[in-house]
Amino acid sequence: MRSGEVFPSKYLKAEDMDGDAVVTIEKVELEKFTDPQTKRESEKPVMHLRGVDKGMILNKTNWALIARQ
């Protein structure tokens, strides 16, 4: 049983994918998030892939790797 089955998330995680996959980026949108500890609001980029229901929150490393492709 995967942790995503026990603790479902709105966002895509590496464990949601079965190995390598060729995907198409449909769009990247900024979404507002509130830090549960500080209650500060910020925006983060969320990448949506064609044919995948969940979006993936991008950090600086993911953003840089995708931009190089």
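Everything numeric here is computed off the predicted structure, so don't read it as measured data.

A.B. asks: Before we move on, could you go through the sheet that holds strand β2 (residues 41–49) and cite the residues and values that matter?
C.D. replies: Read across the sheet, three strands follow the order β1-β2-β3 without closing on themselves; strand pairing throughout is antiparallel. In this open sheet, the two strands that pair with only one neighbour each are β1 (25–34) and β3 (56–57). As defined by bridge partners, β2 adjoins β3 across two bridges and the pair is classed as antiparallel. Looking across to β3, one finds that Val46 is bridged to Ile57.

A.B. asks: Account for the pairing of β2, with residues named and values stated.
C.D. replies: Of the strand pairs in this sheet, β1 and β2 are connected by nine bridges, and their pairing is antiparallel. Each residue of the ladder has a partner; that of Glu31, found in β2, is Lys44. Taking the residues between adjacent antiparallel strands as the criterion, β1 and β2 are bridged by six residues, where Lys39 takes a positive phi near 65°. Counting the residues between successive antiparallel strands, the hairpin from β2 to β3 contains six residues, one of them, Gly51, with a positive phi of roughly 80°.

Conventions and cut-offs
- Residues numbered from 1 in each chain as written.
- Predicted model: local features only at pLDDT ≥ 70, side-chain atom pairs only at ≥ 80, totals over all residues.
- Heavy atoms only, no water.
- Pairing = 2+ DSSP bridges.
- Helix = DSSP H or I, 4+ residues; strand = E, 2+ residues; numbered from the N terminus.

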